[in-house]
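Analysis of the macromolecular model
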Amino acid sequence: MIFVLLIDDTNPIAVVEYNGAGHYNNQFEKRDRIKQTATENAGILYYQILETELSNIDDYIERKIKPAVIASRDKAEIEEA
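Note that the coordinates shown come from a computational prediction; the quantities given were computed from them, not determined experimentally. (Residues numbered from 1 in each chain as written. Predicted model: local features only at pLDDT ≥ 70, side-chain atom pairs only at ≥ 80, totals over all residues. Heavy atoms only, no water.)

**Thoughts on the pairing of strand E2 (residues 12-19)**
- Most of E2 sits inside the fold, with six of its eight residues counted as buried.
- With five bridges joining them, strand E1 (residues 2-6) and E2 adopt antiparallel strand pairing. Considered in E2, the bridge of Leu5 is made with Ala14.
- The antiparallel pairing of E1 with E2 creates a hairpin that spans five residues between the two strands.
- As paired elements, E2 and strand E3 (residues 45-50) share six bridges and run parallel to each other. Its bridge partner lying in E3, Asn19 is registered against Leu50.
- In this fold, the crossover linking E2 to E3 by way of helix H1 (residues 28-41) has right-handed handedness. (Buried < 20%, exposed > 50% of the residue type's maximum accessible area, 1.4 Å probe, protein only. Helix = DSSP H or I, 4+ residues; strand = E, 2+ residues; numbered from the N terminus. Pairing = 2+ DSSP bridges. Right-handed = clockwise from strand over helix to strand, strands pointing away.)

Structure follows, in structure tokens:
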């Protein structure tokens, strides 16, 4: 499952992918590298949330995703000014 976080209606700032038990099948590492490289090349943050992290999802979002998204949003706003 993939979520895209937007600055506004059209500008993606981050992609968050949840990797459940079904994720780890044929060539998942190759697909993950492609997704990560594509998002990073586009200047978009990329995060993977593993099934084992799901019980602490609120903490994961607060510690890892939220600070990076805020910093990236602030940087984008400065560049627009």
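**A short note on the nonpolar core**
- The biggest cluster of nonpolar side chains holds eight residues, and these are Ile13, Ala14, Val16, Tyr47, Ile49, Tyr60, Ile65 and Val69.
- Of all the elements in the fold, those that place two or more residues in this core are E2, E3 and helix H2 (57-80).
- Excluding anything up to four places from it in sequence, Ile65 contacts Leu5, Val16, Tyr47, Ile49 and Tyr60. (Core = buried A, V, L, I, M, F, W, Y, C linked by side-chain atoms within 4.5 Å. Contact = heavy atoms within 4.5 Å.)

**A few points about H2**
- For H2, with 24 residues, the first-to-last C-alpha span of 32 Å sits near the 34 Å given by 1.5 Å per residue.
- Roughly 40° is the biggest bend found in H2, and it falls at Ile65, with proline Pro67 one to four residues downstream.
- Check the buried side of H2 and you find it contacts E1, E2 and E3. (Expected span 1.5 Å × (residues − 1). Bend = angle between axes of the 7 residues up to and from the residue.)

**Quick look at the sheet that holds E2**
- An order of E1-E2-E3 is seen for the three strands of this open sheet, with the pairing classed as mixed. Every interior strand has two partners, whereas the edge strands, E1 and E3, have only one. Put simply, the sheet's adjacent strands are angled 20° from each other on average, direction ignored.
- Sitting on the sheet, H1 is in contact with E1, E2 and E3, with an inclination near 150° to E3.
- Its contacts with the sheet put H2 on E1, E2 and E3, and the angle it makes with E3 is roughly 175°. (Axes fitted to C-alpha atoms, helices over the stretch in contact; angles between N-to-C directions.)

Interpretation in functional terms is not warranted from these geometric data alone.
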